[in-house]
Amino acid sequence: MSDRFVVVGGSLAGLRAAQAARRAGFRGPLTMIGGEAHLPYDRPPLSKDYLEPNERQPAAPTFRTEQALRDELDLDLRLNTWATGLHPAHTTLTVHGPYGEDELDYRYLVLATGAEARMLPGGEQLAGVHTLRTLDDAIAVRTALDNGARTVIVGAGFIGSEVASAARVRGLDVTVLEALPVPLVRSVGEAMGRACAALHHAHGTDLRCGVKVTDLESAGGRVTGVTLDEGSTIPAELVVVGAGVAPGTGWLTGSALRLHERDKGIVCDGTLSTGLPGVYAAGDVAHFPHPLFDGTLMRLEHWTNAAEQGALAAKNALNPDAAMPATAVPYFWSDWYGRRIQFVGIPRAEEIRVVSEELGEEKFLALYRGGDRITGCITIDRPAQVMKFRRMIAQSKTWDEALHFAGAR
Ligand SMILES: Cc1cc2nc3c(=O)[nH]c(=O)nc-3n(C[C@H](O)[C@H](O)[C@H](O)COP(=O)(O)OP(=O)(O)OC[C@H]3O[C@@H](n4cnc5c(N)ncnc54)[C@H](O)[C@@H]3O)c2cc1C
């Protein structure tokens, strides 16, 4: 049997998996299959620093140089190469790259194929309409902002909101269209959603909630506007679609892997094992039961989760008898209008208590309760505090203890 360790997905979770495999002492052949042409790079800057108005386009936020990857990891790095089929019965993968199709055997396999952004129907064909998931997307969005594009964002999620912020920094007109009555209500609840909406309004972004996009207007193959169900059209030279993502598992349909019935993410156990020998998944693509939240199956789209799970999946694949569960408390951040929003835990809650709302300063702290425990915390511009609540969630502290700590009892 082959001794090869294969990582599919050349981004954060994939890179951390390859690094962890070497750190764990794996000395056999290590191959990374990356669909994009770029070296592994960091996505959060793409909707933040990368869009800032500088005269020159900033360097790509790559993690390591190609030479470093080969020297440090002795990595067989195959970029511009897509995995197209998984054959667990033969422990092989089919991949398609610049030189055609190839078959690779594996003994250990980490699936870290992340997620793909959802586009509006018809958007693919129109110049000026973009999602923001990849470096190439960011280059296109940045170029349009540099050209002073009248910007419409479809979806007031975190990434769309960051793009709105970047456009406002340049003084551009920005409209954000959101189907829900309050933005981000599913991710962070109503009170925090309203605080986020207030940030947009305070910075001159035209946020319109409870509206439905029905059409994209165009002339000569280029977008000219976005039409709403009530009939009006908002002029646009740049449309950024922030309509969520779908796990990158199209190539796994029909394999023996269990895919989630709702979104087709890969369903894993608590150690990130897919149940197939040697096959683990990590990052945005993976559903896993979280022991801190009654084993609720969750799929996170957070940077720290991808980094931690990539490393854990590799270690567990190499040593399944000593496999450790994924236990980290979920955490993400988002930067808009010079403010830092941070969330720890999960947003599903029986109660959300706004502990501090200083809208002048836009400082904000809210706690989330599940049963008699604290399950989440969100802050604006309170980085030290949010991490203290992260520790409290990790230690399963009670709601009373959390309120007391927050000075709300
Ligand atoms: C613009 C942007 C801003 C963000 N900002 C934040 C933030 O502020 N805070 C935060 O916590 N998180 C943020 N995130 C989320 C964070 O970046 C992701 O959670 C993280 O990138 C997930 O890493 P991943 O390796 O699991 O997947 P991905 O980064 O999606 O990488 C998967 C890789 O696999 C490749 N791939 C897919 N299918 C195949 C295949 N069949 N064969 C070969 N390769 C394949 C893809 O092309 C891709 O390169 C942001 C994401 C984006 C896009």
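These numbers were taken from a predicted model, which means no experiment stands behind them. (Residues numbered from 1 in each chain as written. Predicted model: local features only at pLDDT ≥ 70, side-chain atom pairs only at ≥ 80, totals over all residues.)

**A closer look at the overall build of the chain**
Formally: The helix count covers DSSP runs of H or I at least four residues long, the strand count covers runs of E at least two residues long, and both are numbered beginning at the N terminus. The globule rule used for comparison is 2.2 Å times the number of residues to the exponent 0.38, while the radius of gyration itself is calculated over C-alpha atoms. Three exposure classes are used. Buried residues have 20 or more other C-beta atoms within 10 Å of their own C-beta, exposed residues have 12 or fewer, and partly exposed residues fall in between, all C-beta atoms being placed from the backbone. The contact criterion used is a C-beta to C-beta distance within 7 Å, with each C-beta placed from the backbone.
A count of helices and strands for the chain gives nine helices and 26 strands. Relative to a compact globule of 409 residues, whose C-alpha radius of gyration would be 22 Å, the chain shows 22 Å and is just as compact. By principal-axis analysis of the C-alpha atoms, the chain measures approximately 60 × 60 × 40 Å. Within the chain, the proportion of its 409 residues that are buried is 42%. Considering only residue pairs separated by 6 or more positions, the chain has 59% of its internal contacts joining residues 24 or more positions apart.

**Observations regarding the sheet that holds strand 6 (residues 100-105)**
Heads up, the rule is: Any two strands are treated as partners once DSSP identifies two or more bridges connecting them. Angles run from 0 to 180 degrees between N-to-C directions of axes, and those axes are lines fitted to C-alpha atoms, restricted for helices to the stretch in contact.
A sheet is described by the order of its strands in space; here three strands give the open sequence 4-5-6, paired in antiparallel fashion. Either end of the sheet is taken by a strand with one partner, and the two such strands are strand 4 (82-87) and strand 6. Each adjacent strand pair in this sheet contributes to an overall mean axis angle of 25°, direction not counted. As judged from the six bridges shared by strand 5 (residues 92-97) and strand 6, these two strands associate in the antiparallel manner. Opposite threonine 94, over in strand 6, you have glutamate 103 as the bridge partner.

**A short note on the domain arrangement of the chain**
Our working definition: Residue ranges for the domains originate in an automatic or database domain assignment. Basically, the charged four are Asp, Glu, Lys and Arg, the nonpolar ten are Ala, Val, Leu, Ile, Met, Phe, Trp, Tyr, Cys and Pro, and anything else, Gly included, counts as polar.
Here the domain parsing of the chain yields domain 1 (5-116 + 246-322), domain 2 (119-243) and domain 3 (338-405). Using C-alpha coordinates to define each centre, domain 2 is positioned 28 Å away from domain 3. Listed per partner, the contact involves eight residues of domain 2 and 12 residues of domain 3. Among the elements of the structure, helix 5 (185-188) and helix 6 (190-202) are those that each provide at least two residues to the side of domain 2 that touches domain 3. With five residues, helix 6 is the single largest residue contributor to the side of domain 2 that touches domain 3. Here the residues of the side of domain 2 that touches domain 3 sort into six nonpolar, two polar and no charged.

**As for the environment of alanine 282**
Checked against the element boundaries, alanine 282 lands in the loop between strand 19 (279-281) and strand 20 (286-290). Each C-alpha atom of the pair alanine 282 and isoleucine 346 lies 19 Å from the other, and the pair is 64 residues apart in sequence. If near-sequence neighbours (up to four positions away) are discounted, alanine 282 is found in contact with Ala13, Ala17, Val110, Ala112, Leu272, Ala306, Gln309, Gly310 and Ala313.

**Some details on the site of the ligand**
Test applied: Any residue whose C-beta atom, as set from the backbone, lies within 6 Å of a molecule or strand is reported as near that molecule or strand.
Near the ligand, the surroundings consist of 36 residues, among which Gly9, Ser11, Gly35, Gly114 and Gly283 are the closest. Within the residue set of the shell around the ligand, elements represented by two or more residues are helix 1 (12-23), strand 4, helix 7 (303-318) and strand 22 (331-336). Its residues assigned to classes, the shell around the ligand shows 18 nonpolar, 13 polar and five charged. Residue contributions to the shell around the ligand reach at least three from each of two domains, namely domain 1 (5-116 + 246-322) and domain 2 (119-243).

**Comments concerning the environment of proline 88**
As for its position among the elements, proline 88 is in the loop between strand 4 and strand 5. The sequence separation of proline 88 and alanine 256 amounts to 168 residues, and the corresponding C-alpha distance is 7.3 Å. Each residue touching proline 88, except ones within four places of it in the same chain, is listed here: Ser255, Ala256, Leu276 and Val279.

**Describing the nonpolar core**
Inclusion rule: In this usage, the nonpolar core is the set of buried Ala, Val, Leu, Ile, Met, Phe, Trp, Tyr and Cys residues whose C-beta atoms join them within 7 Å.
Ranked by internal contacts, the top residues of the largest apolar core, which has 66 residues, are Val141, Ile153, Val163 and Val239. For this core, the element with the most residues is helix 4 (residues 158-169), which contributes six residues. Core analysis: the second largest hydrophobic core is formed by 47 residues, Cys268, Ala286, Ala314 and Leu318 among them.

**Description of the sheet that holds strand 20**
Read across the open sheet, the three strands follow the order 18-20-21; overall the sheet is mixed. Two strands in the sheet have a free side with no partner beyond their single neighbour: strand 18 (266-267) and strand 21 (296-298). Pairing geometry for strand 20 and strand 21, over three bridges, is antiparallel. Note that in strand 21 the partner of phenylalanine 288 across the bridge is methionine 298.

**Observations regarding the pairing of strand 10 (residues 151-154)**
To be explicit about the condition: Think of it like this: strands point away, you trace from the first strand over the helix to the second, and a clockwise trace means the crossover is right-handed.
Side-chain alternation along strand 10 places Thr151 and Ile153 on one buried face and Val152 and Val154 on a second face that is also buried. The pairing of strand 10 with strand 11 (residues 174-178) spans four bridges and is parallel. Its bridge partner being in strand 11, valine 154 is matched across the sheet by leucine 177. For the segment spanning strand 10, helix 4 and strand 11, crossover handedness is right-handed. Bridge count between strand 10 and strand 16 (residues 238-241): four bridges; the pairing is parallel. Bridge pairing links valine 154 to valine 241 in strand 16.

**Things to note about helix 8 (residues 383-394)**
In plain terms, the rule: One less than the residue count of a helix, multiplied by 1.5 Å, gives the span that helix is expected to have. As used here, the arc belongs to the directions running from the helix axis to the C-beta atoms.
Along its 12 residues, helix 8 runs 17 Å from first to last C-alpha, staying within 8% of the 16 Å computed at 1.5 Å per residue. The set of residues buried in helix 8 consists of Val386, Phe389, Arg390, Met392 and Ile393. Buried residues along helix 8 cover an arc of 160° about the axis, so they all sit on one side. In helix 8, the exposed positions angled more than 90 degrees off the buried face are occupied by Ala384 and Arg391. For helix 8, the secondary structure elements touched by its buried residues are strand 22, strand 23 (339-345), strand 26 (373-380) and helix 9 (399-405). Once helix 8 finishes, serine 396 follows within two positions and takes phi at roughly 50°, a positive value.

**Describing unusual backbone geometry**
One non-glycine residue, asparagine 80, adopts positive backbone phi at about 60°. Looking at where asparagine 80 falls in the secondary structure, it is placed in the loop between strand 3 (75-78) and strand 4. A residue is classified by how many C-beta atoms lie within 10 Å of it, and asparagine 80, with 15 of them, is partly exposed.

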